[in-house]
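Topology and contacts: notes
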Amino acid sequence: PFEIGLIVEQMESLGLKSLTIVSLASLFTGMVLCLQTGSAFVRFGAKPYVAKVLAVAITRELGPILVALIVTGRVASGIAAEIGSMKVSEQIDALKVMGASPVKRLVMPRVVALMITLPLLVLVGDILGILGGMIIASVELGIKPSFFLSSSLDFLAPEDILSGIGKCFFFGLIIAGIGCYQGLTTLGGTRGVGISTTRAVVVSSVLVLLSDLLLTKAFLLL
C-alpha cells in the first residue's frame, strides 16, 4: 500500500520541526539585507526602491537557497545518520528478510515529505524575510510599513514567487535523496555513520548550489 502514514510522519519530522530555525534565519536575514541595501541606497537617493529590491531578492533567490541550505544541515545529516545506523545494525537487512522494501519504507516517505514541506518552508521564509526588512526599514530608514508593503506587493510578479518556490521541489529531492543514499551505503560501524553524515551535508549543499544556478538560468529563459 501507499505509505501515507509514513509520509505524514516524515512531514512533521523533516518539515514542521525545521520551522523554528527557518523562521528565525529568514527574519534576521531580511533585517540584515534591508540594513545593508538601505544604507547603500540612501547614498544614491534611491531609498524608495529598497522594498522592491528586497522583495525580489528574497523571493527569487535568497529565500529558497537560504532555507534549502539550513534544511540541508538539519535534514540531510539526520536522514543519513538515522538510516546509516539502521544499516550498520542490520535493521535494513531484517526489513528485506521480512519482505519489506527499504526504498518504499525508508526512502520514498522522506523524499516525498521533503518535496512537499520545503516549498511551504520557503513561502514562510519569504514572508518573514520581507517582514524583517519592513521592521528595519521603519526603524532605521524612516520608511512607513504601509508604503514598504505596498511597494513590495506591487512590484512582485507571480513569476518571481513561483520561480523561487519551483526550485524547492528539486532541492527537496536532492537533499532527501542524497541523505538516504549516504545512509543506505554506510559501511564500517559508527565511524562510517559519521562519515556518511558529513558526506551527506557536503554533497547535498554542493548539488543544491549547482542546481540553483541551472534552475535560475532555466526559469529566466521561460
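Placed above this text is the structure.
Presented here is an overview of the structure given in this document.

Okay, empty space enclosed by the protein next. By the definition in use, this model includes 1 cavity of 30 Å³ or more. As for the largest cavity, its lining consists of S26, T29, G30, I58, L62, G63, L66, G125 and G129. Of all elements in the fold, only helix 2 (19-43), helix 3 (50-88) and helix 5 (102-140) reach the threshold of two or more residues within the lining of the largest cavity. The biggest single contributor to the lining of the largest cavity is helix 3, with 4 residues. When its residues are assigned to classes, the lining of the largest cavity shows 3 nonpolar, 6 polar and no charged.

This part takes up the pattern of salt bridges. According to the stated counting rule, one finds 4 salt bridges in the structure shown. Note that E82 and R110 form a salt bridge whose closest N and O atoms lie 3.0 Å from each other. With E82 in helix 3 and R110 in helix 5, the pair connects residues that are 28 residues apart, well separated along the chain. On the accessibility criterion, R110 (3% relative accessible area) is buried. By sharing partners, the salt bridges in this structure join E61, K167 and D212 into a single network.

Note on placement: Q10 falls in helix 1 (residues 4-15). When neighbours within four sequence positions are excluded, Q10 is seen to be in contact with G15, P109, R110 and A113.

With that out of the way, let us pick up the packing of helix 2 against helix 3. Between helix 2 and helix 3, whose axes approach to 10 Å, the crossing angle comes to 145 degrees. Helix 3 is crossed by helix 2, and the crossing has right-handed handedness. Residues I21, V22, A25, S26, T29, G30, L33, C34, T37, G38 and F41 of helix 2 lie in contact with helix 3, whose contacting residues are V50, V53, L54, A57, I58, L62, L66, V67, I70 and V71. Tallied by class, the residues present in the contact of helix 2 with helix 3 amount to 16 nonpolar, 5 polar and no charged.

Counting residues in each nonpolar core, the largest one holds 34 residues, and the members touching the most others are V71 and I175. Of all the secondary structure elements, the ones that give two or more residues to this core are helix 2, helix 3, helix 4 (91-97), helix 5, helix 7 (158-184) and helix 8 (189-221). When neighbours within four sequence positions are excluded, V71 is seen to be in contact with V22, A76, L114, L118, L121 and I175. By size, the runner-up hydrophobic cluster in this structure holds 16 residues, among which are I58, I130, A137 and L141.

Positive phi, normally seen in glycine, also occurs at E90, with a value near 65 degrees. The topology assignment puts E90 in the loop between helix 3 and helix 4.

The next subject is the state of the cysteines. Following the criterion strictly, the structure yields 0 disulfides and no others. Cysteine C180 remains unbridged, with the sulfur of C168 as its closest cysteine sulfur at 18 Å. For C180, a relative accessible area of 1% gives the class buried.

Criteria and thresholds
- Residues numbered from 1 in each chain as written.
- Predicted model: local features only at pLDDT ≥ 70, side-chain atom pairs only at ≥ 80, totals over all residues.
- Heavy atoms only, no water.
- 1 Å grid on protein atoms, 1.4 Å probe; cavity = no way out; pocket = protein on both sides within 12 Å on 5 of 7 lines; lining within 4 Å.
- Points joined across faces, edges and corners; volume = space filled by probe spheres on them.
- Helix = DSSP H or I, 4+ residues; strand = E, 2+ residues; numbered from the N terminus.
- Nonpolar A, V, L, I, M, F, W, Y, C, P; charged D, E, K, R; others polar.
- Salt bridge = Lys/Arg side-chain N within 4 Å of Asp/Glu carboxyl O.
- Buried < 20%, exposed > 50% of the residue type's maximum accessible area, 1.4 Å probe, protein only.
- Contact = heavy atoms within 4.5 Å.
- Axes fitted to C-alpha atoms, helices over the stretch in contact; angles between N-to-C directions.
- Left-handed = near helix turned anticlockwise from the far one by under 90°.
- Core = buried A, V, L, I, M, F, W, Y, C linked by side-chain atoms within 4.5 Å.
- Disulfide = S-S within 2.5 Å.

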